[in-house]
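# Tertiary structure, described
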Amino acid sequence: MKRLTVPGLLALLFAVLLWSCATGALNIYWQSVIMFMGINIILSSSLNIINGNMGEFSCGHAGFMAVGAYVSSLLSVALFVKSSAFGEPLLGPAYAVWLFPLVLLAGGLAASVVGLIVAIPSFKTRGDYLAIITIAASYIVKSTIENIGAIGGARGFMGMGGVMNAMTDTVHLPWIMIWVFVGTVFSVWLIRRFIYSTFGRGVDAICQDEIAAEIMSVNTNRVKLVAFMVSCGLAGLAGGLFAHILGYVNPGSFTILKSTEVMVMVYLGGMGSLSGSIIAAVVMTLLMEALRPLQIIKWVVIPLLLVLLMQFRPEGIMGRRELADVFPRLRKFYTFKG
Amino acid sequence: MALLEVTDMTQYFGGLCAVSEFSVSLEQGQLVALIGPNGAGKTTVFNLVSGFYKPTRGEILFKGASIKGKKPHEVTSRGIARTFQNIRLWFDMTVLDNIRIAQHHALGYGLLDCFLRTPRYMRREREIEDHAMQVLGTLGLAEVAHELPKNLPYGVQRLVEIARALSINPALLMLDEPAAGLNSADVEGLIASIRAIHKEFNLAIWMIEHQMDVVMSLCSWIKVIDFGATIAEGTPEAIQNNPEVIKAYLGDDTI
Amino acid sequence: MLQSLLQNVLNALQWGSFYSLIALGYCLVYGVLLLINFAHGDIFMVGAYIAFFLCSFFLGKYGLIGGMPGWLVLALAVPLTMVLTAVVGVTLERVAYRPLRRKGVNRLYVVITALMCGLILENGNLALLGASRKSFPTLLPTRVYDFFGVTVTNMKLMVIGVAILSFLFLHFVVTRTKIGMAMRAISYDRFAVPLMGIPADTVIVFTFVLGSGFAGLAGLFFAMTYPVLDPYMGALIGWKAFIAAVVGGIGSIAGAFAGGFLLGFVEIMVVAFFPSTFRDLIAFTILLLILSIRPTGLFGVAQRTKI
């Protein structure tokens, strides 16, 4: 049996997606569902570093997503299109296609820096206190955005649709789908490399016995900081992609409810399991779409789901294991490149 | 120059004096014991030297430089490794991972190398793994490298903890009650292992121990403390007959 | 100048009273179970709604009984609201937290469950009662007094008085009664307490009764002071009261109480000098700063880890 490589599989999936978008085999609705799946994968796998591998309780992921969403949106509108907030673009629409990934990265970096600021007070504390700090931080971010009238405040900010159009005009491809796919693969790839390195194993060591880790030469503050910054940076990346899918962003999308959605995915998938987070993200996205007609009751069902999960299967779908641990025979069919 | 020079180290916890003017001087390659009744402050001494607490007074010099007040991971990276009274392995990670993580002070690569899997990263990770397997081999633990410590017998867990401390290539190895909870067969094995490590790596070993046969057969110098203060020190023969030591452990006749 | 300062102080005391009453509930449950009951803010909201329905009923708004005079309604509403809210709190404990405690799972799972229960309460309310806000009926005519240029209403005095009395009562219970001692014992060693013949479950239920009851009381008086109710009213106040309790020192009742008033002061002073949209932002920031400098809170006791 010929061994397929994961990169090969991903390339195949990518080609299938592009073809379906181009030919209209996937309508706009399903395209957006798939894109939100990608966003959710990034969000849940990045939060899993903190809530799963490190065993902490961060409740403010939506705040970091908001930072990334706003920074990348403001940058892309200011650079590439004409807007009421910024006037003429600094660079012009032709540059959008080439520089868009940089804009996304900038959003991620900004979110990373905010993560750094939030992480520092949390060093002296543990456990439940990180929950408080992240909730407060998330609220501060949202409140700050609402108070800045120049970028729309509570009403929101728009113009990213124009950026996406500029990109499609230059080269006719479904750019947002492409970048969501690339962003998702990038995030999972990054997290995997981090978690399996000796440096990244330090995160698990801190979770299981922080004092032993410190005494066994792990610079716990540095490892916690790096883990937090990676997690928040990727949330920011997800935020940037999210904003450009919608073409519009407003602070009301980044409340504790959003953070809760992400937490449900992490705990549903299994704390510390990367494949678990991915599976749970896919399942949750589909579930949320299925429950959409129920509107408010959806928001009773989802927390209830998590409560039941905690009661009867707190380790989630995968526990702490990965797909390869559960189905070892799958290893025959695929290899990772590295 | 002494390897470890502790001078008048004192530690107060609130109003309680846990360690009082403790001084010791350890040379390279020496095998020394710290003994005393329960609650005497022995583990506190270890915690002070390894950086978990900062002493209220006194000085700690290691290889001539002060390590007083340094964070534990810094102290460790300078060459002091320790084990704990209650085994503190990471039980949900393989034995090999347990040893690898102790190399955090000498990773030799940065975050970017990690993400990009540069040649430097690949080389260092291989070296870390080889080094870990080598240390495990020295203690006869190579077969359990991929086991989870929670599935291993207690005696083997103790050895893994010692292997983990050894992997740091310390100049000073501090063992906190290494024979605790071991049956007599395991104790024999432990004594042999410690002797082997001492000979092969020529490191200084400082141990806290209650089991006198371990202490007597291994150590050349013994320090006795009680209620935080040193009450006696000397060769094993001198300590065995010292009346203060006997009084501390067994009490005296006055009621 | 002095008058305006005194006015602000008085407003701060009143505003802080609500935070304190809610903070007390967090503190009690955390002290006994080491659990942040994230649903507590929403129990406050449930208390306000219970008070709304009770008062409307007694005032004859549902046509089932003839209307009663306002003061009588209040006298009935206080104990009934507290009791009914306590029932909600205890139900939550029984149904959601106790089974997890029995299984001895990681404390994290209980915290998550608490957070989710809070969301269920909020959104359940929204789903059941709809999005329209409820208007709390007036029970007592407002009487305004003038002390040297400072406006004092009877409501303000009542709220502050209730808060202080509650603190004294709870302090008495925790320090002078047997069950209070049992509560403190459980916070030190949960497993030893049943071995000593004290029914841990009873003590825990009692803690929830106290905490939820006083949250209900806070809900009633909050609704009387700011008579518009909506299902999300508990969420933000709950978070802030919790952070206030932590800043004050979540292990001690006095700390939680002080924290609540501190937060009240901070918010009123902020609104005096900045636009009101900045209020929450600055309050959270100040609380975070205090936590960075003194993680155990202003009156908390540092815990030593032993290895």
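Residues numbered from 1 in each chain as written. Chains lettered and ligands numbered in written order. Predicted model: local features only at pLDDT ≥ 70, side-chain atom pairs only at ≥ 80, totals over all residues.

### So, the interface of chain B and chain A
Counting residues at the interface gives 28 residues for chain B, matched by 21 residues for chain A. Residue assignment for the side of chain B that touches chain A shows that the elements contributing at least two residues are helix 2 (72-77), helix 3 (95-101), helix 4 (111-116) and helix 5 (119-138) of chain B. For the side of chain B that touches chain A, the element with the highest residue contribution is helix 2 of chain B, accounting for four residues. (Contact = placed C-beta atoms within 7 Å. Helix = DSSP H or I, 4+ residues; strand = E, 2+ residues; numbered from the N terminus.)

### Quick look at unusual backbone geometry
Residues and elements named next belong to chain B. The backbone of arginine 117 sits at a positive phi, close to 50 degrees, despite the residue not being glycine. Tracing the backbone shows arginine 117 in the loop between helix 4 and helix 5. Among the residues examined, arginine 117 registers 15 C-beta atoms within 10 Å and is labelled partly exposed. A positive phi is found at phenylalanine 227, a non-glycine position, where the angle reads about 50 degrees. As for its placement among the helices and strands, phenylalanine 227 is situated in the loop between strand 9 (221-226) and strand 10 (229-234). (Buried ≥ 20, exposed ≤ 12 C-beta atoms within 10 Å, placed from the backbone.)

### Looking at the pairing of strand 2 (residues 16-26) of chain B
Residues and elements named next belong to chain B. Bridge count for strand 1 (residues 4-13) against strand 2 is seven bridges, and the pairing is antiparallel. For methionine 9, the partnering residue across the bridge sits in strand 2 and is phenylalanine 22. From the end of strand 1 to the start of strand 2, which pair antiparallel, there are two residues, and glycine 14 there has a positive phi angle of about 65 degrees. (Pairing = 2+ DSSP bridges.)

### Looking at the environment of A:Lys142
Looking at the element boundaries, A:Lys142 is found in helix 5 (residues 128-147). In sequence terms A:Lys142 and A:Phe254 are 112 residues apart; their C-alpha atoms lie 7.1 Å from each other.

### Section: the packing of helix 8 (residues 198-208) of chain A against helix 10 (residues 220-246) of chain A
Residue and element names in this part refer to chain A. Close contact between helix 8 and helix 10 brings their axes to 10 Å; oriented N to C, the two are set at 110 degrees. Comparing their axes, helix 10 and helix 8 come out roughly perpendicular. Viewed along their axes, helix 8 and helix 10 form a crossing whose handedness is left-handed. Listed contacts from helix 10 to Gly202, Val203 and Ile206 of helix 8 are Thr220, Val223, Lys224 and Ala227. (Axes fitted to C-alpha atoms, helices over the stretch in contact; angles between N-to-C directions. Parallel < 35°, antiparallel > 145°, perpendicular 65-115°, else oblique. Left-handed = near helix turned anticlockwise from the far one by under 90°.)

### Considering the pairing of strand 4 (residues 57-62) of chain B
All names here are of chain B. In terms of strand pairing, strand 1 meets strand 4 through five bridges, oriented antiparallel. Bridge pairing links valine 6 to isoleucine 60 in strand 4. In terms of strand pairing, strand 4 meets strand 5 (residues 65-66) through two bridges, oriented antiparallel. Counterpart to leucine 61 in the pairing with strand 5 is serine 66.

### Some words on the sheet that holds strand 5 of chain B
All names here are of chain B. Overall, antiparallel pairing links the four strands, which are arranged 2-1-4-5 in an open sheet. Each end of this open sheet is capped by a strand with a single partner; those strands are strand 2 and strand 5. The strands touched by helix 1 (residues 42-49) within the sheet are strand 1, strand 2 and strand 4, with strand 2 carrying the most contacts at an inclination of about 65 degrees.

### Re the packing of helix 1 (residues 2-33) of chain C against helix 5 (residues 154-176) of chain C
The packing of two helices is summarised by the inter-axis angle and the distance between the axes. Residues and elements named next belong to chain C. In contact at an axis separation of 9 Å, helix 1 and helix 5 are set at 35 degrees when each is read in the N-to-C sense. By crossing handedness, the relation of helix 1 to helix 5 is classed as left-handed. Residue-level contacts link Leu10, Leu13, Gln14, Ser17, Ser20, Leu21 and Leu24 of helix 1 to Lys156, Val159, Ile160, Ala163, Ser166 and Leu170 of helix 5. Taken together, the residues that form the contact of helix 1 with helix 5 break down as eight nonpolar, four polar and one charged. (Nonpolar A, V, L, I, M, F, W, Y, C, P; charged D, E, K, R; others polar.)

### Comments concerning the interface of chain A and chain C
Tallying the contact residues gives 31 residues for chain A and 35 residues for chain C. Contributions of two or more residues to the side of chain A that touches chain C are made by helix 5, helix 11 (256-269) and helix 13 (298-312) of chain A. With 13 residues, the top contributor of residues to the side of chain A that touches chain C is helix 5 of chain A. Here the side of chain A that touches chain C is composed, by residue class, of 22 nonpolar, six polar and three charged.

### Observations regarding the sheet that holds strand 10 of chain B
Residues and elements named next belong to chain B. Pairing is mixed across the open sheet formed by six strands, whose spatial order is 6-7-8-3-9-10. In this open sheet, the two edge strands, each paired with only one partner strand, are strand 6 (80-82) and strand 10. Neighbouring strand axes in the sheet, compared pairwise and without regard to direction, differ in orientation by 20 degrees on average. Two elements, strand 3 (residues 31-35) and strand 9, share four bridges in a ladder whose sense is parallel. Bridge assignment links isoleucine 35 to a residue of strand 9, and that residue is valine 224.

### Quick notes on the confidence of the model for chain C
With 97% of its residues at a pLDDT of 70 or more, chain C shows a mean pLDDT of 84. Both scores are given for the predicted complex: the pTM is 0.87, the ipTM 0.88. (pLDDT = per-residue confidence, 0-100.)

### As for helix 2 (residues 40-58) of chain C
Residue and element names in this part refer to chain C. Between its first and last C-alpha, helix 2 extends 27 Å over 19 residues, near the 27 Å set by a 1.5 Å rise per residue. Taken across its 19 residues, helix 2 has 15 buried, putting it largely inside the fold. One or two positions beyond helix 2, positive phi appears at glycine 60, with a value near 85 degrees. (Expected span 1.5 Å × (residues − 1).)

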